[in-house]
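Chain by chain, the residues:
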Amino acid sequence: MTLLDFAMAAAARSSFNHPLGVITIDMTTRFLRTSVGKIVVEGRVLKAGKSINYCEAVVLSESGEMTAKSSGTFMLRK
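The rules behind the values
- Residues numbered from 1 in each chain as written.
- Predicted model: local features only at pLDDT ≥ 70, side-chain atom pairs only at ≥ 80, totals over all residues.
- Heavy atoms only, no water.
- Pairing = 2+ DSSP bridges.
- Helix = DSSP H or I, 4+ residues; strand = E, 2+ residues; numbered from the N terminus.
- Axes fitted to C-alpha atoms, helices over the stretch in contact; angles between N-to-C directions.
- Contact = heavy atoms within 4.5 Å.
- Expected span 1.5 Å × (residues − 1).
- Buried < 20%, exposed > 50% of the residue type's maximum accessible area, 1.4 Å probe, protein only.
- Core = buried A, V, L, I, M, F, W, Y, C linked by side-chain atoms within 4.5 Å.
- Salt bridge = Lys/Arg side-chain N within 4 Å of Asp/Glu carboxyl O.

**Observations concerning the pairing of strand β2 (residues 40-48)**
Here is step 1 of the chain: Bridge count between β2 and strand β3 (residues 52-60): eight bridges; the pairing is antiparallel. Paired with Arg44 across the two strands is Glu56, which belongs to β3.
Here is step 2 of the chain: The hairpin turn running from β2 into β3, its antiparallel successor, is three residues long.

As structure tokens, then:
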């Protein structure tokens, strides 16, 4: 869950190149199957607002299967 949170926060922060970071307001995670071997975590912004960003992230196994998915709401720090 920490990796998913970090990936979404990095995506939210990069949408405005915001130097102060972001705060996680809400996060929901679904675990779909176990991960074996190396994993890849990808985060992206679904909707960027003036102070709130909506993001999602996925965990992919070595074979490319999605093993977990998360969505979150992030507030840009002031």
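**A few points about the sheet that holds β3**
Neighbouring strands of a sheet are bound in pairs by backbone hydrogen bonds; such pairs are parallel or else antiparallel.
Here is step 1 of the chain: Within the open sheet, the four strands sit side by side as β1-β4-β3-β2. Their pairing is antiparallel. With partners counted over all chains shown, the strands left at the sheet margins are β1 (22-31) and β2, one partner each. With strand direction ignored, the average angle separating the axes of adjacent strands in the sheet is 20°.
Here is step 2 of the chain: Here nine bridges tie β1 to strand β4 (residues 66-76), and the two strands are oriented antiparallel to one another. Its bridge partner lying in β4, Val22 is registered against Leu76.
Here is step 3 of the chain: Packing against the sheet, helix α1 (residues 2-14) makes contact with β1, β2, β3 and β4, and its axis sits at approximately 45° to β4.

**Thoughts on α1**
Here is step 1 of the chain: Taking 1.5 Å of rise per residue, 13 residues should cover 18 Å, and α1 covers 18 Å from first to last C-alpha, within 8% of that figure.
Here is step 2 of the chain: Residues of α1 that are buried: Leu4, Ala7, Met8, Ala9, Ala11 and Ala12.
Here is step 3 of the chain: Among the structural elements, β1, β2, β3 and β4 are those in contact with the buried residues of α1.

**Considerations on the nonpolar core**
Here is step 1 of the chain: Among the nonpolar cores identified, the biggest contains 12 residues, and these are Leu4, Ala7, Met8, Ala9, Ala12, Val22, Cys55, Ala57, Val59, Ala68, Phe74 and Leu76.
Here is step 2 of the chain: Counting only elements with at least two residues in this core, the list comes to α1, β3 and β4.
Here is step 3 of the chain: Here the element with the most residues in this core is α1; it accounts for five residues.
Here is step 4 of the chain: Excluding residues within four positions of it along the chain, Ala9 makes contact with Val22 and Phe74.

**Observations regarding the pattern of salt bridges**
Here is step 1 of the chain: Across all of its chains, the model carries one salt bridge by this definition.
Here is step 2 of the chain: The salt bridge involving Arg44 is made with Glu56; its shortest N-O contact spans 2.7 Å. On the criterion of sequence distance, the pair formed by Arg44 in strand β2 and Glu56 in strand β3 is long-range, its members being 12 residues apart.
Here is step 3 of the chain: Residue Glu56 is classed as buried on the basis of its relative accessible area of 15%.

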